[in-house]
Amino acid sequence: MKSFPIEICDVTLRDGEQTPGVSFTCKEKQDIAQCLADIGVEIVEAGFPSVSTEEKKTIKAIVDMELSSRVCCLARCVQPDIDAALDCGVDLVSIFFATSDLHIRVKYRKTREEMLDTALSMLDYAVDHGLSVRFSAEDASRTDIGFLKQMYREGAERGAAYSSFADTVGCMTPVMMYDVVREIKKDLKNPLCVHCHNDLGFASANTFTAAQAGAFQLHTTVNGIGERCGNASLEEVLVALRMHNGTDKYDLTELTRLSKLVEQYSGVVVAKTKPVVGEHAFVHESGIHIAALIKDPQTYEYYPPEMVGAKQKLMLGKHTGRKGLEHILTTLGYTCSNEQTDEILEKIKAAAEAKQSITTEYLSEIIAETRSSAS
Ligand SMILES: CC(=O)SCCNC(=O)CCNC(=O)[C@H](O)C(C)(C)COP(=O)(O)OP(=O)(O)OC[C@H]1O[C@@H](n2cnc3c(N)ncnc32)[C@H](O)[C@@H]1OP(=O)(O)O
Ligand SMILES: O=C(O)CCC(=O)C(=O)O
């Protein structure tokens, strides 16, 4: 497949901050924004100015950093929200409204037409005031496709820079995403954005698939934080793009550092098994794997840990094999006889089965004990 063009709008500072219990300080948001810019992310969504006075000040402070990334913020279809975006001096505003009949009926108590008129009048207002606008459909994935296309068509005619499709409740599968993006793209006049939530665990897959189908702006959050089960992960999407689309414009070596920064600032602990940035992403214990990794890391690592600023780590445990143990002993500077190595291996397995973790200190105790019993 031919390589597809994309840009990233990272929404860690807006949707990521909507993770229950999370609130970033201005300094924390600035640190994260700087790191995103260093990676080469094109757009940083800095927040939603109407949330609070402090939030608005923070968005302005991020604009004042004059990052290499453009700065975006969120606005409802109400004039005070657009005015707040104008006050902040952002490069892009996402004017969003829920387009599904469910949301229009329950939240707005209006008809589709009334809601679209309101949204278009706010789009006109923003465009007349010089703002670049992303015209965003919330709950797009549960919206009548005809109405969605009408919204995007009329939005583009009235000057929206982008049309945006949000899978707000994360109900899509990759095949569904591919089909809907292809359908929307048939007559879309401006670039399409996708914003995917992770309620089925498909957010990153849906985002990547949407890009394959022709979406241009991909929304991500660092570590996949965000409402409920979170959003598409920046690190997963960027690595998938590097490996399957040859996208080489981002500095992936900063991903591990950024992940730790966001983990620290948000207090949301990254799962050990999280792709790319989880503690176990490049850790190996199984004997068969380590025996092969020693010969060639590609056997059990799809991409080198250094690519994302991480390192390989070999661990000892119940699943250790002789080759792995010999390699670890040599690396740590121990010389043991074959008999001693066999005995150490047995002791490691027994200890691990008793749920003892085999740290370097514990290993040195086992070695000392084995040697003394032999002498
Ligand atoms: C899918 C998303 O992620 S959307 C973004 C969600 N993010 C947030 O909610 C950010 C945090 N929110 C807040 O701080 C507050 O909710 C605020 C400041 C935004 C609004 O606060 P309040 O004015 O007190 O309103 P409240 O939160 O009670 O209700 C939201 C109102 O916005 C309306 N609204 C929601 N979306 C839109 C929209 N796109 N356009 C216009 N109005 C909207 C709702 O219908 C509701 O109006 P109602 O009071 O007439 O029912
Ligand atoms: O499209 C946007 O800019 C915001 C939409 C959003 O956050 C959502 O629907 O989850």
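Described in the following lines is the structure provided in the data block. Worth saying up front: this structure is predicted, and the values here are computed from it rather than measured.

### Thoughts on the environment of Cys-72
Consideration 1: Tracing the sequence through the fold places Cys-72 in strand S3 (residues 70–75).
Consideration 2: Of the residues examined, Cys-72 reaches a relative accessible area of 0% and is grouped as buried.
Consideration 3: Spatially, the C-alpha atom of Cys-72 lies 7.2 Å from that of Ser-94, the residues being 22 residues apart in sequence.
Consideration 4: Excluding residues within four positions of it along the chain, Cys-72 makes contact with Ile-43, Val-44, Glu-45, Ala-46, Gly-47, Val-90, Leu-92, Ser-94 and Arg-134.

### A short note on the site of ligand 1
Consideration 1: Close contacts around ligand 1 come from 15 residues, with Gln-18, Arg-76, Cys-77, Phe-96 and Glu-138 the closest.
Consideration 2: One of the side-chain nitrogen or oxygen atoms of Arg-14 is found 3.3 Å away from an oxygen atom of ligand 1.
Consideration 3: Side-chain polar atom of Arg-76 to an oxygen atom of ligand 1: 3.2 Å apart, as the coordinates give it.
Consideration 4: Per-class residue counts for the shell around ligand 1 are 8 nonpolar, 3 polar and 4 charged.

### Description of the side chain of Thr-209
Consideration 1: Its location among the elements puts Thr-209 in helix H8 (residues 203–213).
Consideration 2: At 2.7 Å, the side chain of Thr-209 forms a polar contact with the backbone oxygen of Ala-205.
Consideration 3: Ignoring anything within four residues of it in the chain, the contact list for Thr-209 reads Pro-174 and Tyr-178.

### A few points about the environment of Leu-36
Consideration 1: With respect to the helices and strands, the residue Leu-36 is situated in helix H1 (residues 26–39).
Consideration 2: On the accessibility criterion, Leu-36 (0% relative accessible area) is buried.
Consideration 3: On a C-alpha basis, the gap between Leu-36 and Ser-94 in space is 19 Å, while along the polypeptide they are 58 residues apart.
Consideration 4: For Leu-36, the residues in contact, after removing those within four places along its chain, are Asp-10, Val-41, Val-44, Ser-69, Val-222, Leu-234 and Leu-258.

### Overview of the pairing of strand S2 (residues 43–47)
Within a regular beta strand, the side chains point alternately toward one face of the sheet and then the other, so they alternate between its two faces.
Consideration 1: Along S2, 5 of the 5 residues are buried, which leaves the element largely enclosed by surrounding structure.
Consideration 2: For the crossover from strand S1 (residues 7–10) across H1 to S2, the handedness is right-handed.
Consideration 3: Sheet topology note: the S2/S3 ladder contains 4 bridges and is parallel. Note that in S3 the partner of Ile-43 across the bridge is Arg-70.
Consideration 4: Since S2 and S3 lie parallel, the crossover through helix H2 (residues 53–64) that links them has a hand, and here it is right-handed.

Calculation notes
- Residues numbered from 1 in each chain as written.
- Chains lettered and ligands numbered in written order.
- Predicted model: local features only at pLDDT ≥ 70, side-chain atom pairs only at ≥ 80, totals over all residues.
- Heavy atoms only, no water.
- Helix = DSSP H or I, 4+ residues; strand = E, 2+ residues; numbered from the N terminus.
- Buried < 20%, exposed > 50% of the residue type's maximum accessible area, 1.4 Å probe, protein only.
- Contact = heavy atoms within 4.5 Å.
- Near = heavy atom within 4 Å.
- Polar contact = N/O pair within 3.5 Å; in protein donor to acceptor, adjacent residues only side chain to side chain.
- Nonpolar A, V, L, I, M, F, W, Y, C, P; charged D, E, K, R; others polar.
- Right-handed = clockwise from strand over helix to strand, strands pointing away.
- Pairing = 2+ DSSP bridges.

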